[in-house]
Number of protein chains: 2
Amino acid sequence: MKVAKFGGSSMSNEEQFRKVKSIILSDPKREVIVVSALGKRTNEDDKVTDLLYLIHAYLQHDVDWTPLWKRICGRFIQVRDLLELTFPIEKELSAIQTRLQNEKVSQDYLVSRGEYLTAQLMAEYLHYTFVDAKEVIFFDYEGEIDYEKTTQAVRSFYEQQTTLVVPGFYGANPFGKEKLLGRGGSDITGAVLAKALDAESYENWTDVSGIMMADPRIIDSPKVIEEISFRELREMAYMGANVLHEAAVFPVQEADIPIQIKNTNEPEAKGTRISNHEVEKENGLTGIAGRKDFLSITLFKRHMSDEIGFIWKAMSIFANYGISIEHIPSGIDNIGVVVSAEAIADKLFLITKELKEKLGVEEIEIIDELALISVVGGPHKELIGLSGKVLLILNQLGIRTSILSQGAQELNLIIGVANDQYETVVKGIYEGMVTAHVSGTSDGITSNS
Amino acid sequence: MKVAKFGGSSMSNEEQFRKVKSIILSDPKREVIVVSALGKRTNEDDKVTDLLYLIHAYLQHDVDWTPLWKRICGRFIQVRDLLELTFPIEKELSAIQTRLQNEKVSQDYLVSRGEYLTAQLMAEYLHYTFVDAKEVIFFDYEGEIDYEKTTQAVRSFYEQQTTLVVPGFYGANPFGKEKLLGRGGSDITGAVLAKALDAESYENWTDVSGIMMADPRIIDSPKVIEEISFRELREMAYMGANVLHEAAVFPVQEADIPIQIKNTNEPEAKGTRISNHEVEKENGLTGIAGRKDFLSITLFKRHMSDEIGFIWKAMSIFANYGISIEHIPSGIDNIGVVVSAEAIADKLFLITKELKEKLGVEEIEIIDELALISVVGGPHKELIGLSGKVLLILNQLGIRTSILSQGAQELNLIIGVANDQYETVVKGIYEGMVTAHVSGTSDGITSNS
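Along every chain, residues carry numbers that run from 1 in the direction the sequence is written. Written order determines the labels here, with chains lettered from A and ligands numbered from 1. A pLDDT threshold of at least 70 governs which residues receive local features in this predicted model, and a stricter bar of 80 or more applies before side-chain atom pairs are shown or counted, although totals over entire chains, interfaces and linings include all residues. Hydrogen atoms and water are omitted, and side-chain values are computed over all heavy atoms in the structure.

Taking an unreviewed UniProt entry as the reference, chain A is identified by name as Aspartokinase belonging to Enterococcus durans. UniProt positions are given in the numbering used here, feature names are shortened, and annotations may be inferred rather than shown by experiment. Under the UniProt heading Catalytic activity (unreviewed entry), the note attached to chain A is "L-aspartate + ATP = 4-phospho-L-aspartate + ADP". Heading Function (unreviewed entry) of the UniProt record for chain A holds this comment: "Catalyzes the phosphorylation of the beta-carboxyl group of aspartic acid with ATP to yield 4-phospho-L-aspartate, which is involved in the branched biosynthetic pathway leading to the biosynthesis of amino acids threonine, isoleucine and methionine."

Here it is in structure tokens:
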């Protein structure tokens, strides 16, 4: 069986509901469906979830929230009517409204109504059984998913009836009250259910045809990555790619269940498959991600390389200030420490002072406005490695960079460039390796070896 | 003025003495001369210093040492006679012999007699003034050079007489007794005197025409490096190149005095000039050095990159075991720790156990028989950087490596290869960058950028 989650843009109106139904019915394995709340119909539209957050804010400040509430009601009623469903949505809405008028409702309860009602409509439309997330997703006292309780509950429902619709984004706290999932929302619900049911696949239906090889704000219509490993995904995500939130990946990765990213508006497109399998890529390139605003601090000290424990002592100073280290490119008698510029900001002076006073660092060189670019690769047979190709491209661009990291199997490469060269370099690497196809040999060199 | 030091091979016989004299007299600035003891005349010959060490061992074990002593005496007498000098060498030798027969002499006293007598002969031959090293090189109670006392003494001699010959390899301990310098021997004497006299140059005359670009055991007659900076020298030395001992470099580097390595047997050859000046090199390459037998330990832990202080904690474990870290190539959620295989040997199990138990490291990957190769570069204007060229060459060799370090200005590059690929890679890089000359562009790539 498969767990399929549909995001807000897949649930924005009656037309999207029809697409979703046709997708679900085309594969009988799509048994457990997770839905987000009604999303934006146009770019200018609002998500029901955002409107519900606003209502909560209005309630806090005692501002009239009924116009917003009417907009929400209108959207649900319209979908119900256009799909010719019989679900008594007015009754549900008026019950919620009564609570809003008479008691102090929690934000989690109010906001979760978007998914709750959307799932009710979808369940009837599919002739699937509605299961409230409160009955299947359980949190423990520490706010973590209680997998034992969750698994037991989900399986018990699934044993009675295999075709279920579950609202995403929330579950029940130990007191049985609605509690929202954190960042990642409904994606996490789907992942948790897939894990609990040991699904063969977790489908994540959205409005893009998969994970892109590069940031579409820099590259015009970048290619979609058809296969990516969890390792590669983590590397893309860590370096800033806009992909699934890690909390939505962790449960299925652990259970070795692949994730399939698909586009509701283009269901025939392959999308992206995420699994533990490392697939060979053309050119060895999986994708390019990056983040700006790092700072590199290079420490120089005569005969540092002969000093046992120097790096440890330097790291302890950064750790004491709560600074996370990104990379430590080391040379002979010098080490670089690459950190987030924002994180170190006002601590920089104190840290460099301590490095000089406590460790006898003789010289400190700081490079700010540094961007890190991660060229993520998969296994590849071609002789010329990822690094060689990237360096050739950078040379052609006339940009000198520092390599901060390159694993033993050339599976990925992290380079540092100036912030203002970031877009140029990402573009250059993408165009050189994807658009133009780099050839595997170079005629520019003659060697006698 | 210049301080010129001549090694044992420059002082092995009467013929070498003549070469040295002609060198010294050809430049009146060569005022303060430091000499080693008579060296090997042929490959099968023995150095006087080694024979003196042997005599000390014979004395310890009460074995007849007189045949060895006669060989030593013969060598000094022969040089004196062939150069038609008047120095009463027999009287000096017999005084030493008497002491050996009647008292328990220190090894330092006995061994230093080689330089002492050689300097006496050279002083007469040059018509320079002999100054016993005991009168100018002083150690403090911690066994370090006492620069204040040394500088004062040297300058006082130099003020009376500017042309001096000083025996290398020893000085006086705080009790006025002979004490040998450590590894680096007479080279250190020269450096200390150059610093004390603020010489314009420290000449180091030996039997090779300078520092070679690569190990001559791997590369047949490698090119000599004409100009190298102290930084580059340290990088070559740290990575195993057979160059001046650091103790012989430190005093002059600190005083910003250049070192000139010259060949007594080929005085017209340029040799190698070592200074604080970074000189642009053809191809950006200064030299290649390397060492075998490292071990790489890669630590994997989920979300390690989000954990503040992880690297610090890992480093503390290595430091507690007294292990020096060479490099820490880091990726997303993994860090590599490169160490000497010999140093970690029997501690490896304990360290990996602690890493797992204390830091929750999930997986550890060990690569042994790893060689590190340092491609040392100077500043260069060519667009294609050192790294790009080296990677192209490695690709042509069909060897995949891991880049362990590359500074921001591409001044050097440290790569890791399997021990058994070490010679092939050094050869490939040398041939690709020096013999064949790598062109600055590559036709193998087309890019639209």
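On we go.
### Focus: the domain arrangement of chain A
All names here are of chain A. Assigned domains of chain A: these are domain 1 (2–275) and domain 2 (286–435). Domain start and end points were adopted from an automatic or database domain assignment. On a C-alpha basis, the centroid separation for the pair domain 1 and domain 2 is 38 Å. Domain 1 puts 17 residues into the contact, and the matching count from domain 2 is 21 residues. Regarding the contact of domain 1 and domain 2, the summed buried area is about 1600 Å², with carbon and sulfur atoms giving 66% of it. Polar contacts, as used here, are pairs of N or O atoms within 3.5 Å; protein pairs need one atom able to donate a hydrogen and one able to accept it. Residues neighboring in sequence count only if both atoms are side-chain atoms. Linking domain 1 with domain 2 are seven residue pairs in polar contact (both at pLDDT 80 or more). At five residues, helix α8 (residues 230–238) tops the list of elements feeding residues into the side of domain 1 that touches domain 2. We call Asp, Glu, Lys and Arg charged. Ala, Val, Leu, Ile, Met, Phe, Trp, Tyr, Cys and Pro are nonpolar, and the rest, Gly among them, are polar. Of the residues assigned to the side of domain 1 that touches domain 2, the class counts are 11 nonpolar, two polar and four charged. Contacts are residue-level and defined by heavy atoms, with any inter-residue pair within 4.5 Å sufficient. Buried surface area refers to the total accessible area, computed with a probe of radius 1.4 Å, that the two partners give up upon joining, counted for both partners together. What counts as a helix is a DSSP run of H or I of at least four residues, what counts as a strand is a run of E of at least two, and both are numbered from the N terminus.

### Things to note about the sheet that holds strand β10 (residues 272–275) of chain B
All names here are of chain B. Read from one edge of the open sheet, eight strands run β3-β4-β2-β1-β7-β9-β10-β8, paired in mixed fashion. Of all the strands in the sheet, just β3 (129–130) and β8 (227–229) have a single pairing partner and so form its edges. At least two bridges found by DSSP between two strands is the condition for calling them paired. As judged from the two bridges shared by β3 and strand β4 (residues 164–167), these two strands associate in the parallel manner. Within the sheet, the bridge partner assigned to Phe130 lies in β4 and is Val165. With axes taken as lines fitted to C-alpha atoms, and helix axes fitted only over the stretch in contact, angles between N-to-C directions fall between 0 and 180 degrees. Across the sheet, helix α8 (residues 230–238) touches β8, β9 (259–263) and β10, and the angle it forms with β8 is around 85 degrees.

### Considerations on the pairing of strand β4 (residues 164–167) of chain A
Residues and elements named next belong to chain A. Only protein chains enter the accessibility calculation, which uses a 1.4 Å probe; a residue whose area is less than 20% of its type maximum is buried, one above 50% is exposed, and one in between is partly exposed. Residues Leu164 and Val166 point to one face of β4 and Val165 and Pro167 to the other, with burial holding for every one of them. Sheet analysis places strand β2 (residues 30–35) next to β4, joined by four bridges and oriented parallel. Counterpart to Val34 in the pairing with β4 is Val166. Following the chain from strand β3 (residues 129–130) across helix α6 (residues 147–160) to the adjacent parallel β4, one finds a crossover that is right-handed. Handedness of a crossover is defined as follows: orient the strands so they point away from the viewer, and if the path from the first strand over the helix to the second runs clockwise, the crossover is right-handed.

### Description of the side chain of Glu203 of chain A
Residue and element names in this part refer to chain A. Secondary-structure assignment places Glu203 in strand β7 (residues 201–206). Within the structure, Glu203 has its side chain in polar contact with the side chain of Arg30 (distance 2.6 Å). Aside from chain neighbours lying at most four places away, what touches Glu203 is Lys2, Val3, Ala4, Lys5, Arg30 and Gln260.

### Notes on the UniProt feature "binding site: substrate" (unreviewed entry) in chain A
Residue and element names in this part refer to chain A. What UniProt calls "binding site: substrate" (unreviewed entry) maps, in this numbering, to Thr49 and Glu115. A maximum C-alpha distance of 8.2 Å is found for the annotated residues, which run over 67 residues; spatially they form one tight group. Here Thr49 shows up in helix α2 (residues 48–60). In this view, Thr49 contacts Ala37, Val111, Glu115 and Phe169; residues no more than four positions away in its chain are not counted. In this structure, Glu115 sits in helix α5 (residues 107–126).

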